[in-house]
Every structure is written in C-alpha cells, then in structure tokens.
Amino acid sequence: MGRPHALLLPLPAQGHVLPLMELAHRMVSHGFTITFINTHFNHARLLSAMPTTYNTNPSINFISIPDGLQPGDDRYHVANLCKALITIMPLHLEEIIINMMHKQPEQDKPTCLIADQAMAWAFNVAKKNGLRTAAFWPASAATFTSIRNVPKLIQDGIIHEHDGSAKTPGVIFRLSPGIPPMNVNHLFWNRQLDSESNKVIFHCINTNKDSIKNVEFVVCNSFYEAEKPEFDYLNTSKILPIGPLLSCQRFGKPAGLFWSADTTCKAWLDEQDVNSVIYVAFGSLATVDERQFQELALGLELTGRPFLWVVRPDFTGKAIIDLLKGLEDRIGGRGMVVEWSPQQEVLAHPAVSCFMSHCGWNSTMEGVSNGVPFLCWPCFGDQHLNQTYICDVWKIGLKMNPDENNMITKEQIKDKVEELLDDGEMKKRALAMKEIAIKGIEKGGSSFENFNTFISAMQV
Ligand code: UDP
C-alpha cells in the first residue's frame, strides 16, 4: 500500500488557505501526500509569493481549478464569490478525482478529501467517488456553534427565518447557560458587506451546516481550553480542536501567503525597545474609509510610541502614498509602514507590546499564541464575536468603540493604547493564555492528541 493521499480544498480566501496549508505540512510530516487545490486566481498569487528558496516538495502538489468568476471580477466580495463557486467548482473537482482514480497507479490514488466547511458541496463529490471526508473549520467554536444553532435561533424568535436578520436588533441571548452571551448583531451572517450579502451568506451556511453529518471529522483551528463551554456543548468526538495552526515555523516552505511579506520590518523591530511597538494590521480583506484612515494615522502619531503598521495597497480608497506623505515626514523612523508583514514572526518579536487588530480568527489565534494583548477593531464577519471572546471572556484586550459618526478618533486610539499598556494584569493574562495554547500543541497536549486521533483515523 502507498502513502495516504489527501486532497485539500480551502475556501479561496487568505484566512482560509493559510491554516489549511499548515495542516497540509503537518499531514506531510505524518506520511501523507497532499494535493492542494486552489482557484486559478489564488494559485497564481500563491506561486508568486512563494519563497525563492522553496524547492518543489514532492509531498505537496499544487493544482488549480476555476472559481466561476470572470477575470477582473471582485474576488473580495465574499457573497458573490460563494455564489459563483458552486456553479462550477463541483464539476471540476469531480473531474480531478475521476482522473486521479483512473490514471494514477494504485498506490498514488487519493484516499481522502479535507475541505473547508464552507465548501460542503465537495463532500458529496468525494463520497460519490469513494473518498473519505473530513471538514476543516478555520474559525472559532463559538461561530461554529452559532451556525449549528440556526434552527434554535429561529425557533426562539431571535432571528428571521428567511434571511437570519435580527428580530430585535441588539438583543443579547445565550445558547446555553455555560456559553457566554452573544449579541444577535454579531452573528457571522449578519455582519457581511450589506444586507444582500448577509442573505447570501445566511443561505450558504444553512446549506452547509448539516455537512457535519456527512464527514468523519471536523478539525478546528482552535483549542479546547480557549472555548471549553462551546466544545462541551457541541459534545461530539467528531469535532476536534487541533489549533492553533501556526505556520511561522515553516521557513523556506510555502506558508500559503498571497503576498510576499516585507521582511525589512524584522530588522527595524530588532532596533526597538522590548515591549514598545504597537503592531497594527487588519488582515487580508478589511478596509477603512479615507477619513478613518487619516484619523488612525493621526492616532498612531499621537501615541508617541513606535508602531509597525500594515497598509495593504487596497486598505482604503485613495492612493496610500498620498495619504501617508505628511505622516512619514513628521514621525521619521518612529513608525514603519509595510504592505504585508511576516505577521506571525512579528507577533513573536519581543519588541511588540500590543496588537491593534481587526480580530480575524487567525490573527486572534496568533496574538493569543504569542501572549500579545489586543486593541480590538472588528470590521465584519465573525470579528465582533471574536472581540467578545478577547475582551469579555479571556480579558486580554480592549474594545475600540466607534463614536456617533462611526469613527474611532485619534484621542481614543491614544487613550486605549495607554490604558492597555498600563494594565499589567492584562499582559499577565495574555501570557498565561499563551502558555496554555502552546502546551496544547506540544506532546501530550489536547490539540496534539486530537491531531493524532484525526491522523491515525485518516491514515488507515
Ligand atoms: N497576515 C500576514 N501579514 C499581514 C497581515 C496578515 O501574514 O501583514 C496573515 C495573518 O498572519 C493571518 C492572516 O493573514 O494568518 C489573516 O487572517 P485573519 O483570519 O486574521 O483575517 P482575514 O484576512 O481572514 O480577515
């Protein structure tokens, strides 16, 4: 018998590809061959951002299929992307599987498919062709639990059946006595770009939520100790937290990045005092308007502290270079702006004191794993719910609150930075949580054991 061969299929977005790629590396170190299936669009980005030191690794083969959108279409519009995927990807995936089954020697044939839970249609395609299946859940157990409880939320009169919107906006509810309260406005599907997108995403998650019935496992990028009540509530040995899935150890190997990271910021960090730098990053999709961008720049200036700020070229409407002109002249070397950072290495650097973050789940897990306290600036999707865990449950961060003009002011930025960094208890809790997270992925830890359970089952 040959090596087990897994097909890995992410949702085509940076925050989904990255942790699945880390899972791919871990599976390779347990004897798997991996075929990693991206969309054509992301495949091209991934290859161009790949480290030049990377030699083709025979254990991970990258292939691609179309995403159903036209060249030039907006691939950051998640709702449109999800609608398009389903029109074309199932056929292409099936073609790949059938080809591999017929053309490859017995020992090289695929044995299982691990797909993002948001691509649940793929499980039917895989099963039809004799593959074993597991789902990958890249977000929190809390978000997973809210999605699984859509029928209960409808029955309890919390959300509307047709589009998942709040019956009473802002209402707080509990899914069970042990689970922290949730705000109906913070439900994942109610925080998309607009109400039409909310509806599309609500429809998608409703279609996908029962996919767990059709898979052997759901592996999650979280850890049991971070979300104990949620995992206890879900109460099934099928759902295995195996996180945090951190890819920063994979130097010289493809981490799954769409942009190449500007590593000059590491030398700049080396020159800064320990525990002094504010790291500011909003992930791969979030944007702010020009007014808010300028206020954020002024706020960072006002703190008087060193900062490292990731400004993607598409982070705001206007040319970034014009917006930053005055700031760079005024602050000189005290601040550094990069288009994309090696975030996991940045967060592990001793110079970093806090993380001003949009609270994407990967960023949340990465901050937690490095004991860095947060300044939370959630924008959409699951980020508001993640903020609740960071600030109200784990108590390792502060919320930034938009004012009546929907603006986070420069004064608030300065005040929150001071408040966070003056609070020694916050840092202590962040360090304690880091220890728990790291213990979990080490030999004997909960995530380590769960990963072994998953691997042993899928190897057979
Ligand atoms: N990231 C990075 N460099 C950056 C900004 C982000 O490598 O300058 C990575 C970050 O480490 C994380 C991912 O991009 O793994 C973003 O995922 P997250 O879930 O935090 O946010 P999303 O992009 O999905 O909104």
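Starting afresh in each chain, residues are numbered from 1 along the sequence in its written order. Thresholds applied to this predicted model are a pLDDT of at least 70 for local features of residues and 80 or more for the giving and counting of side-chain atom pairs; totals over whole chains, interfaces and linings are not thresholded and use all residues. With hydrogens and water stripped out, all remaining heavy atoms of the structure feed into the side-chain values.

As recorded by an unreviewed UniProt entry, the protein chain carries the name Glycosyltransferase and is attributed to Dioscorea zingiberensis. UniProt, in the comment section headed Sequence similarities (unreviewed entry), describes the protein chain in these words: "Belongs to the UDP-glycosyltransferase family." UniProt positions are given in the numbering used here, feature names are shortened, and annotations may be inferred rather than shown by experiment.

Draft legend 1. Representation of the site of the ligand in the model. Around the ligand, 17 residues are found, and the nearest of them are Ser284, Ser341, Asn362, Ser363 and Glu366. Nitrogen and oxygen atoms within 3.5 Å of one another constitute a polar contact, given that in protein one can donate a hydrogen and the other can accept it, and given that sequence-neighbouring residues count only through two side-chain atoms. Interatomic distance of 3.5 Å between a backbone N/O atom of Trp361 and an oxygen atom of the ligand. Between the ligand and Glu366, the relevant distance is 2.6 Å, taken from an oxygen atom to a side-chain nitrogen or oxygen of the residue. The method behind every accessible area is Shrake-Rupley, applied with a 1.4 Å probe, and residues are considered shielded solely by the protein chains displayed. Relative to its unbound accessible area of 540 Å², the ligand is 94% covered by the protein chains. Elements represented by at least two residues in the shell around the ligand include exactly α1 (14-28) and α13 (361-369). Only heavy atoms are used to decide nearness, and a residue is near a molecule or strand if one of them lies within 4 Å of it. Secondary structure follows DSSP: runs of H or I at least 4 residues long count as helices, runs of E at least 2 residues long count as strands, and numbering of each begins at the N terminus.

Draft legend 2. The arrangement of the layout of surface pockets in detail. Size it by volume and the second largest pocket reaches roughly 830 Å³. Going through the elements one at a time, α3 (78-103), α10 (290-303) and α14 (383-393) are the ones with two or more residues in the lining of the second largest pocket. Broken down by element, the residue count for the lining of the second largest pocket peaks at four residues, all from α14. Taken together, the residues that form the lining of the second largest pocket break down as 14 nonpolar, twelve polar and seven charged. Of the grid points, spaced at 1 Å and generated over the protein atoms alone, those admitting a 1.4 Å probe that cannot get out make up cavities, while open sets with protein on both sides within 12 Å along at least five of seven lines make up pockets; any residue with an atom within 4 Å of a point is treated as lining. Grid points are joined across faces, edges and corners, and a volume is the space filled by probe spheres set on the points. Ten residue types, Ala, Val, Leu, Ile, Met, Phe, Trp, Tyr, Cys and Pro, are classed as nonpolar, four, Asp, Glu, Lys and Arg, as charged, and the remainder, Gly among them, as polar.

Draft legend 3. Seen up close, α14. Whether a residue is buried, partly exposed or exposed follows from its accessible area with a 1.4 Å probe, protein chains only, as a fraction of its type maximum: under 20%, in between, or over 50%, in that order. Among the eleven residues of α14, nine are classified as buried, and the element is accordingly described as predominantly covered. Of the residues making up α14, those classed as buried are Gln383, His384, Leu385, Asn386, Gln387, Thr388, Tyr389, Ile390 and Cys391. Contacts were defined at the residue level, with two residues in contact if any of their heavy atoms lie within 4.5 Å. The elements touched by buried residues of α14 are α5 (141-148), β7 (182-183), α8 (228-234), α13, β14 (374-376) and β15 (397-399).

Draft legend 4. Summary view of the pattern of salt bridges. Here, a salt bridge means any Lys or Arg side-chain nitrogen found within 4 Å of an Asp or Glu carboxyl oxygen. On inspection of all chains with the given rule, the structure shows 14 salt bridges. Between Glu345 and Lys266 there is a salt bridge whose closest N-O contact spans 2.7 Å. A residue pair is termed long-range when its members are at least 10 positions apart, and Glu345 in helix α12 (residues 343-347) and Lys266 in helix α9 (residues 264-270) qualify at 79 residues. Look at Glu345 and you get partly exposed, because its relative accessible area is 23%. As a salt-bridge pair, Glu418 and Arg305 come within 3.2 Å of each other at their nearest N and O atoms. Placement of the pair is Glu418 in helix α15 (residues 410-422) and Arg305 in the loop between α10 and β11 (307-310), with a sequence separation of 113 residues. Given a relative accessible area of 23%, Glu418 falls into the partly exposed group.

Draft legend 5. Structural view of the environment of His384. Mapped onto the fold, His384 is located in helix α14. Placed 366 residues apart in sequence, His384 and Leu18 show a C-alpha to C-alpha distance of 21 Å. Once residues lying within four places of it in the same chain are set aside, the contact partners of His384 are His186, Arg191, Pro378 and Cys379.

Draft legend 6. Expanded view of the nonpolar core. Within the largest apolar cluster, 91 residues are counted, with the highest numbers of intra-cluster contacts made by Trp189, Leu308 and Trp394. Ranked by residues supplied to this core, first place goes to α3 with ten residues. Discounting residues that sit within four places of it in the chain, Leu308 has contacts with Cys265, Trp268, Leu269, Val277, Ile278, Tyr279, Val280, Met336, Val338 and Val346. We call a set of buried Ala, Val, Leu, Ile, Met, Phe, Trp, Tyr and Cys residues a nonpolar core when their side-chain atoms join them within 4.5 Å.

Draft legend 7. Local environment of the packing of aromatic side chains. Pairing of aromatic side chains here covers Phe, Tyr and the six-membered ring of Trp, requires ring centres within 6.5 Å, and sorts the geometry by plane angle: under 30 degrees stacked, over 60 edge-to-face, intermediate tilted. This structure, assessed with the given rule, holds 16 aromatic pairs. What links up through ring pairs into an aromatic cluster is the set Phe282, Phe293, Trp309, Phe315 and Trp377. Only when the NZ atom of a Lys or the CZ atom of an Arg is both within 6 Å of the ring centre and within 35 degrees of the ring normal do we say a charge sits over the ring. Arg45 extends its terminal NZ or CZ atom over the ring of Trp259, reaching a point 5.1 Å from the ring centre. Its end group placed over the ring of Phe41, Arg75 keeps NZ or CZ at 4.7 Å from the ring centre.

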